Amino acid sequence: MKNTTAPIGRFAPTPSGRMHLGNVFAALIAWLSVRSRGGSLVLRMEDLDTQRTSGENAALLRQDLLWLGLDWDAETPPQSQRSQVYDRYFEQLMDQGLLYPCYCTRSQLHSVNAPHLSDGTYVYPGTCRELTSQQRKAFDRPPAWRVKVPNRLWTVEDLGQGTYRQNLSTDCGDFVVRRADGVYVYQLAVTVDDGEAGVTEVVRGADLLSSAPRQMYLQELFGFRQPTYGHVPMLLAADGRRLSKRDRDLDLGFLRQHTTPETIIGILAHAAGLTHSAQPISAKELASQFSWELLSRDAIYLDTQAFF
Ligand code: GLU
């Protein structure tokens, strides 16, 4: 029988290309965190950006995860198929009087002096919050929609990064939930998807830590239970460069031809502080010794030559 208190984790990749080491690391920790405690994992393709994502990439992603030994218990529908579901939550915010149309242009928002969050989000000064209906009409084009945020401090007790605080009002400002072209943004979609799937634990890259307060705020408004967060450190090349999709030579298309899943996992686990040596190890073996306490908080430097 399934333990009802067992965690439900998720892995939510964007199928915009082959998996790279950063995705592998986030998926590995998400998997270890739930599997080490008898929990389950939900897979979801984040393909809101239909220009950059594809079904072929999603298929390769699934194969790559299985090759790594990272399995999942259920896959929920991709975000591109859920805009009607998101409509309902959007209407809910509208009915609560929490949304307003924003006509600011990209260049207004990106003005050089605008302070921004670590993920590049500009602190929105509330320019369109008090527009009159006449002023709104004068723009004569479809607006983006922003949700009003209260002046309140959000605290994330993060399993990976420790305590993180953000006041949405001063550190982020009212944020967009639906773009002018009608596409829902990541913050709304991810909150709805995790909430509806009953996710109790969100594990992903540290670059998304600054998004957590926005998602906690939406969870509260939608009445979802707040999950535990665990943001895993970024992977850097020996010269301090962030490993990213640009490093084609380190994507799984290449790595699968030149090395084994155990080699990759052994190196990542050791670099992250989980094991005493970089000996090859399977995800399954690693699960019995996984603990968040061991995981490095700081960015992890990788000697990428070690994989070959
Ligand atoms: N889709 C995002 C990515 O691939 C992850 C979002 C999340 O885990 O919340 O970077």
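Residues numbered from 1 in each chain as written. Predicted model: local features only at pLDDT ≥ 70, side-chain atom pairs only at ≥ 80, totals over all residues. Heavy atoms only, no water.

Q: Would you mind going over the site of the ligand in detail, with residue names and values included?
A: Every residue near the ligand is listed here: Arg10, Ala12, Pro13, Thr14, Glu46, Tyr186, Val190, Arg204 and Leu208. Take Ala12: an N or O atom from its main chain is 2.8 Å from a nitrogen atom of the ligand. Between the ligand and Arg204 there is a distance of 2.9 Å, counted from an oxygen atom to a side-chain nitrogen or oxygen. Starting from 300 Å² of accessible surface for the ligand in isolation, the protein chains cover 78%. (Near = heavy atom within 4 Å. Polar contact = N/O pair within 3.5 Å; in protein donor to acceptor, adjacent residues only side chain to side chain. Areas by Shrake-Rupley, 256 points an atom, 1.4 Å probe, with all protein chains shown as cover.)

Q: An account of the packing of helix 1 (residues 21–35) against helix 10 (residues 261–271) is needed here, citing residue identities and associated values.
A: Running from N to C, helix 1 and helix 10 point in directions that differ by 75°, and their axes come no closer than 11 Å. In terms of orientation, helix 1 and helix 10 fall into the roughly perpendicular class. For the pair helix 1 and helix 10, the contacting residues are Leu21, Val24, Phe25 and Leu28 in the first and Ile264, Ile265 and Leu268 in the second. (Axes fitted to C-alpha atoms, helices over the stretch in contact; angles between N-to-C directions. Helix = DSSP H or I, 4+ residues; strand = E, 2+ residues; numbered from the N terminus. Parallel < 35°, antiparallel > 145°, perpendicular 65-115°, else oblique. Contact = heavy atoms within 4.5 Å.)

Q: Could you give an account of the side chain of Ser33, with specific residues and numbers?
A: Relative to the helices and strands, Ser33 resides in helix 1. Look past the residues within four positions of Ser33 in its chain and what remains in contact with it is Glu201, Phe290 and Trp292.

Q: I'd like a description of the pairing of strand 10 (residues 228–232), backed by residues and values.
A: Of all 5 residues in strand 10, 4 are buried, a share of seventy percent or more. Strand direction decides the pairing type here: strand 9 (residues 201–205) and strand 10, joined by 5 bridges, are parallel. Residue pairing across strands places Arg204 opposite His231, the latter belonging to strand 10. The handedness of the strand 9 to strand 10 crossover, carried by helix 8 (residues 212–222), is right-handed. (Buried < 20%, exposed > 50% of the residue type's maximum accessible area, 1.4 Å probe, protein only. Pairing = 2+ DSSP bridges. Right-handed = clockwise from strand over helix to strand, strands pointing away.)

Q: Would you mind going over unusual backbone geometry in detail, with residue names and values included?
A: Backbone geometry places Asp140, a non-glycine residue, at a positive phi of 50°. With respect to the helices and strands, Asp140 occurs in the loop between helix 5 (133–139) and strand 5 (144–147).

Q: Can you break down the nonpolar core residue by residue, with the values?
A: Membership of the largest hydrophobic core comes to 46 residues, with the highest contact counts inside it found for Met19, Leu21, Phe25, Ile29, Leu32 and Leu302. Taken together, the elements giving at least two residues each to this core come down to helix 1, strand 2 (40–44), helix 2 (55–68), strand 11 (235–237), helix 9 (252–258), helix 10, helix 11 (283–287) and strand 12 (300–302). With 11 residues, helix 1 is the largest single contributor of residues to this core. Within the second largest apolar cluster, 32 residues are counted, among which are Phe90, Trp145, Leu188 and Met216. (Core = buried A, V, L, I, M, F, W, Y, C linked by side-chain atoms within 4.5 Å.)

Q: Go over the environment of Leu159, please, and point to the residues and values.
A: In this structure, Leu159 sits in the loop between strand 6 (153–158) and strand 7 (162–167). Put simply, Leu159 and Arg18 are 141 residues apart on the chain and 28 Å apart in space, counted from C-alpha to C-alpha. When residues no more than four places from it in sequence are discounted, the contact partners of Leu159 are Thr228, Tyr229, Gly230 and Trp292.

Q: Lay out the sheet that holds strand 8 (residues 175–178) with the relevant residues and their values.
A: Read across the sheet, 3 strands follow the order 4-5-8 without closing on themselves; strand pairing throughout is antiparallel. The outermost strands of the open sheet, each flanked by one partner alone, are strand 4 (99–102) and strand 8. Here the average twist between neighbouring strands, direction ignored, is 50°. Strand direction decides the pairing type here: strand 4 and strand 5, joined by 4 bridges, are antiparallel. The residue of strand 5 that forms the bridge with Cys102 is Ala144.

So yeah, pure geometry; function would need other evidence.
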